[in-house]
Amino acid sequence: MTPLLSVQHLTKFYPGFTLRDVSFHLQPGRIMGLIGKNGAGKSTTLKAMLNMVHRDSGTVQLLGKDFFSHEQECKQEIGVVFGGIDFYPLKKLSTITAVTRRFYPNWDQAKYESYCKLFSLDEKKQLRVLSNGMKVKYLLALALSHHAQLLILDEPTSGLDPVSRDELLQIFTRIVSDHRRSILFSTHITSDLERCADDITYLHNGEVLASAEKMAFLRSFDHLKTAEDTQPLTLEEIMLRTERRHFDETAL
């Protein structure tokens with residue numbers, strides 16, 4: 001099966017940090033979690049993929065097409081939700097939506113209205129009065145209303161209360177249930193991925209430490225287990241022990 005998204009040898013150099021040779025694949029109908037500690041390169045990876053920052057090397061294919069050669073066409077198939085994007089806080093949602101939909105020939109107003117109803121969004125409200133959870137839901141409504149095949153989300157559940165996080169995870173699962181659309185989202189809340197992710201890609205100091213189906217990913221870190229561990233390690237335990245081992249090796 002042709003991957004919906006294929007990232008190969010993506011590299012970006014910054015003074016003091018290098019995103020080096022990042023490669024992974026995402027099949028249709030899958031949720032992939034992109035994990036790593038703060039500063040590991042998660043956001044840089046997403047921005048380099050989307051040509052929001054200039055990459056130094058590497059390729060990205062979406063639906064079998066080279067992303068950088070067909071950027072405008074490919075971006076019609078992507079919905080993006082990044083944290084910290086507030087648009088104009090004094091504008092009503094209806095005004096922001098009217099501007100946004102002009103960029104998408106495939107905009108589906110009926111679908112947008114259905115998501116507004118699902119998320120209990122009031123278009124008459126100004127953006128500034130929305131809670132963090134409602135802002136994320138609004139951004140998701142925009143991202144989902146032009147029939148995007150791939151959702152790219154950067155820390156979508158960060159700062160949300162447990163109830164809102166649970167609602168979003170259920171929404172993510174429904175989104176990919178048609179086995180056509182996929183989700184790639186970065187997070188440091190590994191418990192969310194335990195519940196909804198199909199695949200995990202682990203970035204460590206700008207490099208892919210492992211990328212695999214979730215259970216295969218967990219098994220690949222059995223070498224970190226101790227005699228006291230009777231159950232498979234959780235994602236949080238894997239990250240903590242990997243980072244601690246790296247710290248100890250660096251100290252030595």
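Conventions used here
Residues numbered from 1 in each chain as written. Predicted model: local features only at pLDDT ≥ 70, side-chain atom pairs only at ≥ 80, totals over all residues. Heavy atoms only, no water. Helix = DSSP H or I, 4+ residues; strand = E, 2+ residues; numbered from the N terminus. Rg over C-alpha atoms; globule rule 2.2 N^0.38 Å. Buried < 20%, exposed > 50% of the residue type's maximum accessible area, 1.4 Å probe, protein only. Contact = heavy atoms within 4.5 Å. Areas by Shrake-Rupley, 256 points an atom, 1.4 Å probe, with all protein chains shown as cover. Lys, Arg positive; Asp, Glu negative; His and termini not counted. Charge placed at Lys NZ, Arg CZ, Asp CG, Glu CD. Pairing = 2+ DSSP bridges. Polar contact = N/O pair within 3.5 Å; in protein donor to acceptor, adjacent residues only side chain to side chain. Core = buried A, V, L, I, M, F, W, Y, C linked by side-chain atoms within 4.5 Å. Axes fitted to C-alpha atoms, helices over the stretch in contact; angles between N-to-C directions. Parallel < 35°, antiparallel > 145°, perpendicular 65-115°, else oblique. Left-handed = near helix turned anticlockwise from the far one by under 90°. Nonpolar A, V, L, I, M, F, W, Y, C, P; charged D, E, K, R; others polar.

Looking now at the overall build of the chain. Summing up its helical and strand segments, the chain has nine helices and ten strands in all. In terms of overall dimensions, the chain is globule-like: its C-alpha atoms have a radius of gyration of 19 Å, near the 18 Å expected for 252 residues. Principal-axis analysis of the C-alpha atoms gives the chain an extent of 60 × 40 × 40 Å. Looking at the 252 residues of the chain, the share that counts as buried comes to 47%. By sequence separation, contacts in the chain at least 24 residues apart represent 66% of the contacts at least 6 residues apart. Summed over all atoms, the accessible surface of the chain reaches about 12,800 Å², with 51% contributed by carbon and sulfur. When the 31 positive and 31 negative side-chain charges of the chain are each reduced to one mean point, those points stand 7 Å apart.

Our focus in this paragraph is the pairing of strand 8 (residues 182–186). For strand 8, a buried count of five out of five residues is recorded, marking the element as mostly surrounded by other parts of the structure. The two faces of strand 8 match: S182, L184 and S186 on one face and I183 and F185 on the other face are all buried. Sheet topology note: the strand 3 (residues 31–35)/strand 8 ladder contains four bridges and is parallel. The residue bridging G33 from the neighbouring strand is F185, located in strand 8. Note: strand 7 (residues 150–154) against strand 8, five bridges, orientation parallel. The partner of D154 across the bridge, within strand 8, is S186.

Among the structural elements, L150 can be located in strand 7. What makes L150 buried here is its relative accessible area of 0%. When the C-alpha atoms of L150 and R30 are compared, they prove to be 9.9 Å apart, with 120 residues separating the residues in sequence.

Below, the discussion takes up the environment of T173. Along the polypeptide, T173 turns up in helix 6 (residues 162–175). In this structure T173 comes out as partly exposed when scored by relative accessible area, which is 40%. Counting along the chain gives 46 residues from T173 to L127, while the straight-line C-alpha distance between them is 26 Å. If sequence neighbours within four positions are ignored, T173 has contacts with I31 and C196. From its side chain, T173 meets the backbone oxygen of L169 in a polar contact 3.1 Å long.

The next point concerns the nonpolar core. Within the largest apolar cluster, 47 residues are counted, with the highest numbers of intra-cluster contacts made by Y138, L140, F172, I183 and F217. The biggest single contributor to this core is helix 5 (residues 132–144), with nine residues. Setting aside its immediate chain neighbours within four residues, F217 contacts I35, I200, Y202, A210, A212, L235 and I238. Grouped together as the second largest cluster of nonpolar side chains are 27 residues, L4, L10, V60 and L150 included.

Orientation of helix 4 (residues 109–118) relative to helix 5, taken along the N-to-C sense of each, is 160°, at an axis distance of 9 Å. Taken together, helix 4 and helix 5 sit at an angle that is classed as roughly antiparallel. By crossing handedness, the relation of helix 4 to helix 5 is classed as right-handed. Listed contacts from helix 5 to K111, Y112 and Y115 of helix 4 are Y138, A141, L142 and L144. Looking at the contact of helix 4 with helix 5 residue by residue, the class counts come to six nonpolar, no polar and one charged.

So, to be careful, I would describe these as geometric facts and stop short of saying anything about function.
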